[in-house]
Amino acid sequence: WEIAYTRVALEELICEKLGESIGMIYDLLTVSRKPSGYIETLEILGSLRNVILHGEEQIRCALDKTMLPSCCFEVRSEVGEDGVPIEFVFHGAGWGNGVGMCHAGALAMAMDGMKLRDILNHYYKNVDVVKVY
């Protein structure tokens, strides 16, 4: 997947999501990744202040109008002649938390009346769901 924001649009979105302005965004830096490649900590460098986002939910929610498809992404910035970013492009892989089940899809199936075992069997083929405790 790919999602692009102009710098100004991303600044407005982050201001809305965080409840305060960080100023002009200079860069988005990946601080740490999980062994799976998913971003664990992301730092947003702003002209007024820097913000560190921790965890999948905070990162995915802060960087999209609804929620980024996953935390497995790279960010590329397009800069103008003055060196100031004009656009940020997110190139991602995967949908969700990386364990094979789309939460939005599972929710839609549940709302359509599917049973838990049927939903699990849809995502995880050839497995048995058993009580282990």
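All residue numbers refer to position in the chain's written sequence, counted from 1. This being a predicted model, a pLDDT of at least 70 is required before a residue's local features are given, and a value of 80 or more before pairs of side-chain atoms are given or counted; all residues contribute to the totals for chains, interfaces and linings. Where side-chain values are given, they derive from all heavy atoms of the structure, hydrogens and water being excluded.

A. Representation of helix H1 (residues 7-18) in the model. Numbering goes from the N terminus for both helices and strands, where a helix is a DSSP run of H or I of at least four residues and a strand is a run of E of at least two. For a helix, the expected span equals 1.5 Å multiplied by the number of residues minus one. In this model H1 runs 16 Å from its N-terminal to its C-terminal C-alpha over twelve residues, within 8% of the 16 Å that 1.5 Å per residue would give. Should any heavy atoms of two residues lie within 4.5 Å, those residues are counted as being in contact. In the core, the buried residues of H1 are packed alongside strand S1 (2-6), strand S2 (25-33), strand S3 (39-46), helix H2 (56-62) and strand S6 (85-92). Positive backbone phi, approximately 85°, marks glycine 19, located one or two places after H1.

B. Broad picture of empty space enclosed by the protein. A pocket, in this scheme, is an open set of points on a 1 Å grid over the protein atoms alone with protein on both sides within 12 Å along at least 5 of 7 lines, while a cavity is a set where a 1.4 Å probe fits but cannot get out; residues line either one if an atom lies within 4 Å of a point. Grid points are joined across faces, edges and corners, and a volume is the space filled by probe spheres set on the points. Inspection of every chain in the model, using the stated rule, returns one cavity of 30 Å³ or more. A volume near 30 Å³ is recorded for the largest cavity. Around the largest cavity, the lining residues are Lys34, Tyr38, Ile39, Glu40, Gly55, Glu56 and Cys71. Three classes are used, and their members are as follows: Ala, Val, Leu, Ile, Met, Phe, Trp, Tyr, Cys and Pro are nonpolar, Asp, Glu, Lys and Arg are charged, and the others, Gly among them, are polar. In terms of residue class, the lining of the largest cavity is built from three nonpolar, one polar and three charged.

C. Molecular detail of the side chain of glutamate 43. Note on placement: glutamate 43 falls in strand S3. Per-residue accessibility, obtained with a 1.4 Å probe over protein chains only, is compared with the maximum for each type, and a residue is labelled buried under 20%, exposed over 50%, and partly exposed between these values. Under the convention used here, Asp and Glu are negative, Lys and Arg are positive, and both His and the chain ends fall outside the count. The salt bridge definition used is simple: a Lys or Arg side-chain nitrogen within 4 Å of an Asp or Glu carboxyl oxygen. Buried and unpaired, glutamate 43 has no salt bridge, with arginine 49 as the nearest side chain of opposite charge at 9.8 Å. What qualifies as a polar contact is a pair of N or O atoms within 3.5 Å, subject to a donor-acceptor requirement within protein and to the restriction that residues adjacent in sequence count only when both atoms come from side chains. Of note is the side chain of glutamate 43, whose polar atom sits 3.5 Å from the side chain of asparagine 50. Residues contacting glutamate 43, with those up to four places away along its chain left out, are Asp27, Leu28, Leu29, Val31, Asn50, Val51 and Ile52.

D. Broad picture of the sheet that holds S6. Spatial strand order, S1-S6-S5: three strands in an open sheet with antiparallel pairing. With partners counted over all chains shown, the strands left at the sheet margins are S1 and strand S5 (73-79), one partner each. Here the strands of the sheet are splayed against their neighbours by 20° on average, with no regard to which way each runs. The criterion for strand pairing is that DSSP finds at least two bridges linking the strands in question. The sheet contact formed by S1 and S6 spans five bridges and is antiparallel. When the sheet's bridge partners are listed, alanine 4 is paired in S6 with valine 89. Only the contacting stretch of a helix is used when fitting its axis, a line to C-alpha atoms as for every element, and angles between N-to-C directions run 0 to 180 degrees.

E. A look at a nonpolar patch on the surface. In this analysis, a patch consists of residues with relative accessible area above 30% that form no salt bridge, clustered at 9 Å for like charges and at 5 Å for the nonpolar side chains Val, Leu, Ile, Met, Phe, Trp and Tyr. Note on areas: Shrake-Rupley with a 1.4 Å probe; residue coverage comes only from the protein chains shown. Together, Val130, Val132 and Tyr133 line one region of the surface with nonpolar side chains, adding up to about 440 Å² of accessible area. With respect to the helices, strands and loops of the structure, tyrosine 133 is situated in the segment after helix H4 (116-123). Tyrosine 133 gets classed as exposed once you look at its relative accessible area, which sits at 82%.

F. Structural detail: the pairing of S6. In terms of strand pairing, S5 meets S6 through seven bridges, oriented antiparallel. Bridging across to S6, phenylalanine 73 finds its partner in glycine 92. With antiparallel pairing between neighbouring strands as the criterion, S5 and S6 make up a hairpin whose turn holds five residues, including glycine 83 at a positive phi of roughly 85°.

G. A look at the pattern of salt bridges. Across all of its chains, the model carries five salt bridges by this definition. Here glutamate 20 and arginine 49 are joined by a salt bridge, their closest N and O atoms 3.2 Å apart. Taken together, the residues glutamate 20 in the loop between H1 and S2 and arginine 49 in the loop between S3 and strand S4 (51-54) connect sequence positions 29 residues apart. For glutamate 20, a relative accessible area of 40% corresponds to the partly exposed category. Between glutamate 78 and arginine 76 there is a salt bridge whose closest N-O contact spans 2.8 Å. What makes glutamate 78 partly exposed here is its relative accessible area of 32%. Accessibility expressed as a relative area gives 37% for arginine 76, which makes it partly exposed.

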